[in-house]
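# Descriptive structure summary
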Protein chains: 2
Amino acid sequence: MTATGPLVLVVDDEAQVRRFLRAALTSRGYRLLEAESVREAEQLATGHNPDIYLLDLTLPDGDGVDLARRLREWTKAPIIVLSARGREEDKVNALDAGADDYLTKPFGVNELLARLRVAQRHAQASPEQPVVLETGPLRVDLSRREVTVEGREVRLTPTEYRLLALLARHAGRVLTHRQILREVWGPNATEAHYVRVHMAELRKKVEADPARPRLLVTEPGVGYRLRDRVESA
Amino acid sequence: MTATGPLVLVVDDEAQVRRFLRAALTSRGYRLLEAESVREAEQLATGHNPDIYLLDLTLPDGDGVDLARRLREWTKAPIIVLSARGREEDKVNALDAGADDYLTKPFGVNELLARLRVAQRHAQASPEQPVVLETGPLRVDLSRREVTVEGREVRLTPTEYRLLALLARHAGRVLTHRQILREVWGPNATEAHYVRVHMAELRKKVEADPARPRLLVTEPGVGYRLRDRVESA
DNA sequence: GAGCATCTTGACGCCGCCTTGATGTCCGCG
DNA sequence: CGCGGACATCAAGGCGGCGTCAAGATGCTC
């Protein structure tokens, strides 16, 4: 249950079509951007980076196929063409220009929604790249939720992991007690003591000498920091 | 440019349609497999693991929509439905079952070829994942729906299999209770207890010592994970 | 409609984690 | 030199998550 659905950019010069799409999509949780021209569309696209595009082909200041081609130069978001033109040549041109689908007007709302779901499936399938941080003997793989020290796997409790992951995402930078509390314990946590206790546990599991931390260092009066480069001396 | 083009599995019971597709595709460098029934299609699919599927909906021994759904359990290869049925309901069903596109007969050759190119673009964006997963004594063949432990076949109930298959598709990474519930029990399932009970059953059948799981490990407070590398110690 | 397999639902006990308080240590500053 | 504040450490306790068992509920095949 996401708070806000995918952002869709509708590009069509007919107000009637836009109204129809607005009714169909917003009621399903999609967020909408609307453009009436190529110029306006590109402006909104670069500004908001939508998740999905719905393009008409005939626009007052240019061709939808060219718009699709230019969008494809910088975004992989799904592009669905909605056009009254039903000629095969139009379809082939649009699809080869980078469009992912082509619906001929008039079309049913349910078919459009189904094809939008297909587009979302494709967008979601894009491979997630591993996010790993390595510093000294410590290795934190955020995509696999895996922590190792000198190759040995370390078992962490949920809060220990959240604490370490937070520091790892901002490796090298200081995080204040406030920031840590808000991120790990929620927005209305106040007990700074939590952080100390769990930091001690974390050091026991991660540091070679928990009494003299080399990775999870204290910044007195400010907060904590995870060193991103470790000198051996 | 590959030496040999993508392997396409055509599933249609009319010889005329198959001949038409054969002429259109082989001349463009595609390699072709042909099936006249669901049974034949699944046999060829598991045996050759095609790159693209072209499915008719009305088949002598079953429904193309069910075929698409079953293929989607183990392959992400593009599925394009070619059907004489033009009702919106048919399209929605097929697309939601896992089809990527839907063309109503009769259609133009050039449009089909353009949509095939779109499908290939998508396939290229997401690297294919292995169909069988092996980790320690466990082996899961997603295309055959077959699970073995140390060579011995294991009988799983439908939900047990869906649970294991889900974990196998994401082997090595943690799946949260939420994710598991959504994927196995549907989008509005909430009872986290389901997962525990069925996980226990699964462990009884798969783990050497169900009390000390080495493959299906729980990540406390988060979810479960199927180990993709198993150390012997 | 009987019988079977499977899924759901509830009860219960254990273990681990988080919280919380007490105490100890370091350091700067008056 | 004594004091206070920030930080570290330890231990106790409560609570919730997790595993397990088992009894209904459901749905299927024959």
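In this text, all values refer to a predicted model and were calculated from it rather than measured experimentally.

Along its sequence, chain A is organised into domain 1 (7-124) and domain 2 (132-226). Computed from C-alpha atoms alone, the centre-to-centre distance between domain 1 of chain A and domain 2 of chain A is 45 Å.

Turning to the packing of helix α6 (residues 158-169) of chain B against helix α7 (residues 177-185) of chain B, a few remarks are in order. Residue and element names in this part refer to chain B. Following both chains from N to C, one finds α6 and α7 inclined at 130°, their axes separated by 10 Å at the closest point. Viewed along their axes, α6 and α7 adopt a mutual orientation that is oblique. The hand of the α6/α7 crossing is right-handed. Side by side, α6 and α7 meet where Thr 159, Arg 162, Leu 163 and Leu 166 of the first sit next to Gln 179, Ile 180, Glu 183 and Val 184 of the second. Per-class residue counts for the contact of α6 with α7 are 4 nonpolar, 2 polar and 2 charged.

This brings us to the sheet that holds strand β9 (residues 138-141) of chain B. Residues and elements named next belong to chain B. Spatially, 4 strands are ordered β8-β9-β10-β11 in an open sheet, and the strand pairing comes out antiparallel. What marks the edges here is a single partner per strand, and that holds for β8 (132-135) and β11 (152-153). Across 4 bridges, the pairing between β9 and strand β10 (residues 146-149) is antiparallel. Directly across from Val 140, in β10, lies its bridge partner Val 147.

This part is about the interface of chain A and chain B. Of the residues lining the interface, 31 residues belong to chain A; the matching set on chain B comes to 34 residues. Where chain A packs against chain B, one counts 10 salt bridges. The partner of Arg144(A) in a salt bridge is Asp228(B), and the shortest N-O contact between them spans 3.2 Å. Our count for the contact surface shared by chain A and chain B stands at 22 residue pairs in polar contact (both at pLDDT 80 or more). Looking at the side of chain A that touches chain B, the elements with two or more residues in it are α4 (88-97), β7 (101-104) and α5 (109-124) of chain A. The element best represented in the side of chain A that touches chain B is α5(A), accounting for 9 residues.

Glancing now at the protein's contact with DNA strand D. DNA strand D sits among 20 residues. The nearest are Arg203(A), Thr218(A), Tyr224(A), Arg203(B) and Tyr224(B). Backbone atoms, meaning sugar plus phosphate, form 72% of the atoms of DNA strand D positioned within 4 Å of the protein. With respect to DNA strand D, the side chain of Thr218(A) contributes an N or O atom lying 2.7 Å from a phosphate oxygen. Side-chain polar atom of Tyr224(B) to a phosphate oxygen of DNA strand D: 2.6 Å apart, as the coordinates give it. For the surface near DNA strand D, the secondary structure elements donating two or more residues are α8 (192-206) of chain A together with α8 (192-206) of chain B. Looking at the surface near DNA strand D, the element that brings in the most residues is α8(A), giving 5 residues. A class-by-class count of the residues in the surface near DNA strand D yields 7 nonpolar, 8 polar and 5 charged.

Looking now at the pairing of strand β14 (residues 223-226) of chain B. Residue and element names in this part refer to chain B. Inspection of the sheet shows strand β12 (residues 175-176) paired to β14 by 2 bridges, in the antiparallel sense. Paired with Thr 176 across the strands is Gly 223, a residue of β14. Sheet topology places strand β13 (residues 216-219) next to β14; 4 bridges connect them, and they run antiparallel. Paired with Thr 218 across the strands is Tyr 224, a residue of β14. Linkage of β13 to β14, two consecutive antiparallel strands, is achieved through a turn of 3 residues, within which Gly 221 is found at a positive phi near 80°.

Bringing the sheet that holds strand β14 (residues 223-226) of chain A into the picture now. Residue and element names in this part refer to chain A. The strand order β12-β14-β13 describes an open sheet built from 3 strands, whose pairing is antiparallel. Two strands in the sheet have a free side with no partner beyond their single neighbour: β12 (174-176) and β13 (216-219). For this sheet, the mean inter-axis angle between neighbouring strands, taken without regard to orientation, is 30°. Packing of α8 onto the sheet brings it into contact with β13 and β14, and relative to β13 it is tilted by some 150°.

Glancing now at the protein's contact with DNA strand C. Neighbouring DNA strand C are 18 residues; Thr159(A), Tyr194(A), Thr157(B), Thr159(B) and Tyr194(B) lie closest to it. When the atoms of DNA strand C within 4 Å of the protein are grouped by moiety, sugar and phosphate amount to 71% of the total. A distance of 3.2 Å separates a base oxygen of DNA strand C from a polar side-chain atom of His193(A). Tyr194(A) has a polar side-chain atom sitting 2.6 Å from a phosphate oxygen of DNA strand C. Where the surface near DNA strand C is concerned, the elements lending two or more residues are α6 (158-169) and α8 of chain A together with α6 and α8 of chain B. Here the surface near DNA strand C is built from residues that sort into 8 nonpolar, 8 polar and 2 charged.

Here the distance between the centres and the angle between the planes together describe a pair of aromatic rings. Residue and element names in this part refer to chain A. One pass over the full model with this rule turns up 4 aromatic pairs over all chains. When the centroid spacing of 5.6 Å and the interplanar angle of 45° are considered together, the rings of Trp 185 and Tyr 194 count as tilted. Given a relative accessible area of 22%, Trp 185 falls into the partly exposed group. Judged by relative accessible area, Tyr 194 falls into the partly exposed class, the value being 38%. Directly above the ring of Tyr 161 sits Arg 145, whose terminal nitrogen or CZ lies 4.2 Å from the centroid.

This part covers the nonpolar core. Residue and element names in this part refer to chain B. Formed by 58 residues in total, the largest nonpolar core has its most connected members in Tyr 53 and Leu 138. Element by element, the count of residues in this core is highest for α6, at 7 residues. Two domains share this core, each providing at least three of its residues, namely domain 1 (7-124) and domain 2 (132-226). In contact with Tyr 53, other than residues within four places in its own chain, are Leu 9, Ala 45, Leu 71, Trp 74, Thr 75, Ala 77, Pro 78, Ile 79 and Ile 80.

A few words now on helix α3 (residues 64-72) of chain B. Considered for burial, the residues of α3(B) that qualify are Gly64(B), Val65(B), Leu67(B), Ala68(B) and Leu71(B). Projected down its long axis, α3(B) shows its buried positions confined to an angular sector of 160°, all on one face.

What counts and how
Residues numbered from 1 in each chain as written. Chains lettered and ligands numbered in written order. Predicted model: local features only at pLDDT ≥ 70, side-chain atom pairs only at ≥ 80, totals over all residues. Heavy atoms only, no water. Domains from an automatic or database assignment. Axes fitted to C-alpha atoms, helices over the stretch in contact; angles between N-to-C directions. Helix = DSSP H or I, 4+ residues; strand = E, 2+ residues; numbered from the N terminus. Parallel < 35°, antiparallel > 145°, perpendicular 65-115°, else oblique. Left-handed = near helix turned anticlockwise from the far one by under 90°. Contact = heavy atoms within 4.5 Å. Nonpolar A, V, L, I, M, F, W, Y, C, P; charged D, E, K, R; others polar. Pairing = 2+ DSSP bridges. Salt bridge = Lys/Arg side-chain N within 4 Å of Asp/Glu carboxyl O. Polar contact = N/O pair within 3.5 Å; in protein donor to acceptor, adjacent residues only side chain to side chain. Near = heavy atom within 4 Å. Phe/Tyr/Trp six-rings, centres within 6.5 Å; stacked < 30°, edge-to-face > 60°. Buried < 20%, exposed > 50% of the residue type's maximum accessible area, 1.4 Å probe, protein only. Lys NZ or Arg CZ within 6 Å of the ring centre and 35° of its normal. Core = buried A, V, L, I, M, F, W, Y, C linked by side-chain atoms within 4.5 Å. Arc of directions from axis to C-beta.

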